[in-house]
Amino acid sequence: MTDDVEVMTATDSAPRHLAPGDVGLVAPRDFVCRQPFTFKSGQIIPGFTLRYETYGQLNATRDNAIVICHALSGDHHCAGWHSPDDRKPGWWNNLIGPGKAVDTRRFFVICANVLGGCQGSTGPSSTNPETGRPYGILFPFVTIHDMVRAQKLLLDHLGVAEVHGVIGGSMGGMLALLCAVEYPRFTRRVLAMATTGRESAQAIAFNEVGRQAIMQDPAWNHGDYLREGGPRVGLAIARMMAHITYVSDASMDRKFGRRKKDGAVGDAYTFDAQFEVEGYLRHQGQSFINRFDANSYLYITRAIDQFDLAHAYGSLEAAFASIEAETLVVAFASDWLFPPDQNRALALALLRAGRRASYAELSTDLGHDSFLLESEELYALVRGFLERDEPYVFDYSI
Amino acid sequence: MTKLVEKRTVDMQIIGDWVEPGTRVLDLGCGAGVLLDYLVQTKQVSAVGVDLEFNKIAACVRRGLAAYQGDMTDFMRAFPDKHFDRVICSRTVQELADPTAVILEALRVGRALTVGFVNHGFWKNRLNALLQGRKIRNEVYTTEWFESRPANPVSVADFEHFCAAKGIRIARRAHLAGNWRTPCRALPNLLAGYAVYDLAR
């Protein structure tokens, strides 16, 4: 997911966090599970923490929860502001809030940083209680399945009896689908966007280049580095490359074209950043290393690569056979990382398995990250799926 | 109700009479899901619609219907034989680029196929064409030539000939008069305004 989601401009007179439709100031909380957690790999940690945020109120029947699942580089902060001085709100602030498509007046919205992450949840940068140092690559291998199980423990802890809907884009879509597969009675609706039941070779290849950039950086040191150090060059390169896969040729061309950076004149007989797109990617890499842990990047990309519903359950139809949730899959025409065909395959398999599933496709040219788009069409679709009209009354009086 | 919505509802009721309760139904060219909503409410069918337009899918989702955005032939190819109890192709068949392929594929994935269409051979259409010498325009064909999609109008005689040529069995047929309400009992190619066919292999 890219960092440069367009933020609605606010006037100076009205603080942005007080704007209508905004959840306002929010604070993350920690769920500390003190029970040992056994990963799919068989490895065990003595307990774990998930950092999460919630917006809205859980109702009396405890069945109005909406779970938001973030993508590879996302986190639990999906709406609102941590402080009035924040440069940006949560990453899906355009979708979530009072009166918005995911209406916090109606729903209790929960978003947790995944297990294996580095934004407050337990992951490779957390302290290994046995050594007093960061786990590094001694951290157990994480799967999407492990992330979903840990998230379910949080939902149980919060007293959620039934999830009204699980929503996620990209890797978040994988979590959302798996939640319905693993907890069929618990999960009423799944909204999976720009996702896949398993990555293509190309997507795995991109992740591998990112991992190699990190692991070939001498500062990686086999995953053993201090929190402030580590393979900053490798991680920045991984991010620059991945960023390209989140957008599209057309959107990059529109945003940058061949424009030169300020001060760059004439022919360039230098390897300094000459084009705006170069400066932009360098900035993306630099800002990423200040907020993301390189080992987490290795673990989570590996989890995404390993995710294969058809292989894990025998076939996609077998995976979906027990789902009780209604599912809506949304793809974006210009997404070449998890292209429409891979999203369609999910909806078709759900229908073959006799489940209730819909598929819609938006024709944006913004690439994979289109799911973060400010689009009234997308908002109406999401709201319609979560809230639904009153049954249409047929008039037979003709 | 406008005249058009009225006609749409008549079409729905005929098709509704043929649909068995609780069956699995596929609607090709489902639009905003009016027919499927009706079948779900009156026959408790398990329904899915296919349409090309995002806004139509969004309307179906708002109604709580399952709908798939995409090409109907590609959609059907993803399903095994006889997956659906009934496939419905209501007022869609005249818009298809390759009607034979769609109908044969629908007969593969469905145990039955219901096709409903406006009879282009209806006498008023013939008269209109003869006298005006222009694209037919009336309450059914509402648009000017220059604002119309390409269409491949079909008559009762065309459709019966198609079924015979392809060896498709006609299990039931319903012809409605020009008012689309009273049955048309004679000379349907001339006197029927609307036709509904139930097909099987």
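Computed from a predicted model, the values in this text were never measured in an experiment. (Residues numbered from 1 in each chain as written. Chains lettered and ligands numbered in written order. Predicted model: local features only at pLDDT ≥ 70, side-chain atom pairs only at ≥ 80, totals over all residues.)

Visitor: For the overall build of chain A, give the residues involved together with the corresponding values.
Guide: Assigned secondary structure in chain A consists of 11 helices and 12 strands. Relative to the 2.2 N^0.38 estimate, which gives 21 Å for 398 residues, the radius of gyration of chain A is 21 Å and therefore close to what a compact globule would have. If one aligns the C-alpha atoms of chain A with their principal axes, the spans along those axes are about 80 × 55 × 45 Å. Going through the 398 residues of chain A one by one, you find that 50% of them count as buried. Put simply, of all contacts in chain A between residues at least 6 apart along the chain, 71% involve residues at least 24 apart. (Helix = DSSP H or I, 4+ residues; strand = E, 2+ residues; numbered from the N terminus. Rg over C-alpha atoms; globule rule 2.2 N^0.38 Å. Buried ≥ 20, exposed ≤ 12 C-beta atoms within 10 Å, placed from the backbone. Contact = placed C-beta atoms within 7 Å.)

Visitor: Now, about the overall build of chain B: what can you tell me, with residues and values included?
Guide: Along its length, chain B carries eight helices and seven strands. Relative to the compact-globule value of 17 Å for 201 residues, chain B shows a C-alpha radius of gyration of 16 Å, a close match. Once the C-alpha set of chain B is aligned to its principal axes, its extents read approximately 45 × 35 × 30 Å. Counting every position in chain B, which comprises 201 residues, the buried fraction comes to 43%.

Visitor: Outline the pairing of strand 2 (residues 46–51) of chain B, listing residues and values.
Guide: Residues and elements named next belong to chain B. Among the six residues that make up strand 2, five are buried, leaving the element largely enclosed by the rest of the structure. Read from strand 1 (residues 24–28) through helix 2 (residues 34–43) to strand 2, the crossover connection turns out right-handed. Relative to strand 3 (residues 66–69), strand 2 is paired through four bridges, and the arrangement is parallel. Each residue of the ladder has a partner; that of G49, found in strand 3, is A67. As for the winding sense of the linkage, the β-α-β connection from strand 2 through helix 3 (residues 54–62) to strand 3 is right-handed. (Right-handed = clockwise from strand over helix to strand, strands pointing away. Pairing = 2+ DSSP bridges.)

Visitor: How would you sum up the confidence of the model for chain A? Please name residues and give values.
Guide: Mean pLDDT over chain A works out to 93, with 93% of the residues at or above the 70 mark. Across residues 5–12 of chain A, confidence stays below pLDDT 50; counting only partners more than four residues off in sequence or on other chains, it has seven contacts. (pLDDT = per-residue confidence, 0-100.)

Visitor: Give me the lowdown on the interface of chain A and chain B, citing residues and values where you can.
Guide: Taken together, the contact between chain A and chain B spans 25 residues of the former and 21 residues of the latter. Secondary structure elements with two or more residues in the side of chain A that touches chain B: helix 10 (340–352), strand 12 (357–362) and helix 11 (376–387) of chain A.

Visitor: Outline the nonpolar core, supporting the account with residue identities and numerical values.
Guide: Residue and element names in this part refer to chain A. One finds V109, L175 and A176 to be the most contacted residues of the largest nonpolar core, which totals 173 residues. A per-element tally of this core places helix 2 (residues 171–182) first, with nine residues. Once you skip the residues sitting within four places of it in the chain, L175 turns out to touch C69, I144, M147, V148 and G168. (Core = buried A, V, L, I, M, F, W, Y, C linked by C-beta atoms within 7 Å.)

Visitor: Hey, could you go over the packing of helix 1 (residues 144–157) of chain A against helix 2 of chain A for me, with residue numbers and the actual values?
Guide: All names here are of chain A. Axis separation between helix 1 and helix 2 bottoms out at 9 Å; the angle between their running directions is 70°. On the basis of their axis angle, the class for helix 1 and helix 2 is roughly perpendicular. The interaxial crossing formed by helix 1 with helix 2 has right-handed handedness. Each of I144, H145, M147 and V148 in helix 1 lies in contact with helix 2, whose residues at this interface are M174, L175, L178, C179 and E182. In terms of residue class, the contact of helix 1 with helix 2 is built from seven nonpolar, one polar and one charged. (Axes fitted to C-alpha atoms, helices over the stretch in contact; angles between N-to-C directions. Parallel < 35°, antiparallel > 145°, perpendicular 65-115°, else oblique. Left-handed = near helix turned anticlockwise from the far one by under 90°. Nonpolar A, V, L, I, M, F, W, Y, C, P; charged D, E, K, R; others polar.)

Visitor: Just give me the short version of the confidence of the model for chain B, but keep the residues and values in it.
Guide: Per-residue confidence for chain B averages 92 on the pLDDT scale, and 95% of its residues sit at or above 70. Among the scores for the predicted complex, ipTM is 0.93 and pTM is 0.94.

Visitor: So what's going on with helix 11 of chain A? Which residues, and what values?
Guide: A rise of 1.5 Å per residue sets the reference length of helix 11 of chain A, with its 12 residues, at 16 Å; its end C-alpha atoms lie 16 Å apart and thus fit the reference within 8%. Taken together, the buried positions of helix 11 of chain A are L378, L381, V382, G384, F385 and L386 of chain A. Buried positions along helix 11 of chain A lie against strand 7 (102–103), strand 9 (163–169), strand 10 (189–193), strand 11 (326–332) and strand 12 of chain A together with helix 3 of chain B. Once helix 11 of chain A ends, the next one or two residues include R388 of chain A, with phi positive near 65°. (Expected span 1.5 Å × (residues − 1).)

Visitor: I'd like a description of the packing of helix 4 (residues 232–246) of chain A against helix 6 (residues 276–289) of chain A, backed by residues and values.
Guide: All names here are of chain A. Viewed as axis vectors pointing N to C, helix 4 and helix 6 meet at an angle of 125°, and their least axial separation amounts to 8 Å. One finds that helix 4 runs oblique with respect to helix 6. Helix 6 is crossed by helix 4, and the crossing has right-handed handedness. Residues R232, L235, A236, I237, R239, M240 and H243 of helix 4 pack against L281, Q284, G285, Q286, F288 and I289 of helix 6.

Visitor: Outline helix 5 (residues 99–109) of chain B, listing residues and values.
Guide: Looking at helix 5 of chain B, one finds that the buried residues are V102, I103, E105, A106 and L107 of chain B. Packing partners of the buried residues in helix 5 of chain B comprise strand 1, helix 4 (72–77), strand 4 (84–90), strand 5 (110–118) and strand 7 (194–200) of chain B.

Visitor: Describe the environment of M215 of chain A, naming the residues involved and giving the relevant values.
Guide: All names here are of chain A. Secondary-structure assignment places M215 in helix 3 (residues 201–215). By C-beta crowding, M215 is classed as partly exposed, having 17 other C-beta atoms within 10 Å. Sequence separation between M215 and N64 is 151 residues; the distance between their C-alpha atoms is 43 Å.

Visitor: Requested: an account of the environment of R291 of chain A, with residues and values cited.
Guide: Residues and elements named next belong to chain A. Inspection of the secondary structure puts R291 in the loop between helix 6 and helix 7 (294–306). Looking at R291, the number of C-beta atoms within 10 Å reads 11, which means it is exposed. C-alpha separation for the pair R291 and N128, spaced 163 residues apart in sequence, amounts to 20 Å.

Visitor: Please give an account of unusual backbone geometry that cites residues and values.
Guide: Residues and elements named next belong to chain A. The backbone phi angle of A194 is positive, close to 45°, even though this residue is not glycine. Position of A194 among the secondary structure elements: in the loop between strand 10 and helix 3. For A194, a count of 31 C-beta atoms within 10 Å translates into the label buried. Of note in this structure, N221 is not a glycine but carries a positive phi near 55°. Residue N221 is classed as partly exposed on the basis of its 14 C-beta neighbours within 10 Å.

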